[in-house]
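Each chain, written out:
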Amino acid sequence: MRIIAGSFRGRKLEAPPGTATRPITDRAKETLFNILGARLGLPGQLPDVEVLDLFAGTGGLGLEALSRGAKSCLFVERDRRALAALRRNIETLHAQTACRVSIENAWTMRVPPAAGGYGLVFVDPPYKDALAPLPVIDLLERLAPHLAPGGLIVFRHSHRSRLSLEGLRTLECVDQREVGTMRLWLFAAREAGPETPPPDSPT
């Protein structure tokens, strides 16, 4: 596993053995960041946004975002071995000033605020934990108010899962595609429609 573009390009990242983490392939990562760059008007790059990386594992997505121009990243992870590798990866890249690590259960935590909101949020839970729609919808809805204007949420899960997220109220899917063995969803804040006047209001 490595950083594939930007200021840390080619730097290798450590990952613990076993199935505690789900390293994303170079091909899938390149596809994802090409999509993000195209949507944000910066092919191959990112603006200097605040990033939130949930279920961060060893930090592959958040560190790639930093390499491509993001301002900072808050990594949320609670697996002991993944945390150790994440911290070593941050130190290896000398990225400590741009990184924070929070040991939390991402499913139930109170979303940490960011000044101006998060421009990019990665939601990458273990595939087996993202089979039921209600916990996923609940988490996504709690993240929505913390997005910066124009911010995006990236949700990744197994392509074998036929997860339905039609219950989302505050987010809309702006892109969805299968890449290898995973399905990627991109969500943005839903634009508010015209307000309905009270029944006794003049029209």
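Quick notes on the rules
- Every chain begins its residue count from 1, and numbering advances along the sequence as written.
- Totals for whole chains, interfaces and linings use all residues, but because this is a predicted model, local features are given only for residues with pLDDT of at least 70 and pairs of side-chain atoms are given and counted only at 80 or more.
- The side-chain values count all of the structure's non-hydrogen atoms but skip hydrogen atoms and water molecules.
- The term disulfide is used for any two cysteine sulfur atoms that are within 2.5 Å.
- By convention, a stacked pair of Phe, Tyr or Trp rings (six-membered ring in the case of Trp) has centres within 6.5 Å and planes under 30 degrees apart, an edge-to-face pair has planes over 60 apart, and any other such pair is tilted.
- Each residue's exposure class comes from its accessible area (1.4 Å probe, protein chains only) as a fraction of the maximum for that residue type: buried when under 20%, exposed when over 50%, partly exposed otherwise.
- Two strands are said to pair when DSSP picks up at least two bridges between them.
- Comment: elements are numbered from the N terminus, with helices defined as DSSP H or I runs of at least four residues and strands as E runs of at least two.
- Axes, fitted as lines to C-alpha atoms, cover a helix only where it is in contact. Angles between the N-to-C directions of the axes lie from 0 to 180 degrees.
- Contacts: residue pairs with any heavy atoms within 4.5 Å of one another.

(A) Region of the structure containing the state of the cysteines. Counted under the stated rule, the structure contains zero disulfides. Cysteine C73 is unpaired, with the sulfur of C99 as its nearest cysteine sulfur at 6.3 Å.

(B) Structural view of the packing of aromatic side chains. Under the defined criterion, the tally for this structure stands at three aromatic pairs. Relative to F187, the ring of W185 has its centre 5.7 Å away and its plane inclined at 15 degrees; by these criteria the two rings are stacked. With a relative accessible area of 8%, W185 lands in the buried category. For F187, a relative accessible area of 2% translates into the label buried.

(C) The arrangement of the sheet that holds strand β4 (residues 118-123) in detail. Read across the sheet, seven strands follow the order β3-β2-β1-β4-β5-β7-β6 without closing on themselves; strand pairing throughout is mixed. Across the chains shown, the open sheet's two edge strands, defined by having one partner strand only, are β3 (99-102) and β6 (171-179). Geometrically, the sheet is characterised by an average inter-axis angle of 15 degrees between neighbouring strands, direction not taken into account. Relative to β4, strand β1 (residues 50-54) is paired through four bridges, and the arrangement is parallel. Of the residues in β4, the one forming a bridge with L54 is V123. Lying on the sheet, helix α2 (residues 60-67) is in contact with β1, β2 (72-76), β3 and β4; it crosses β2 at an angle near 180 degrees.

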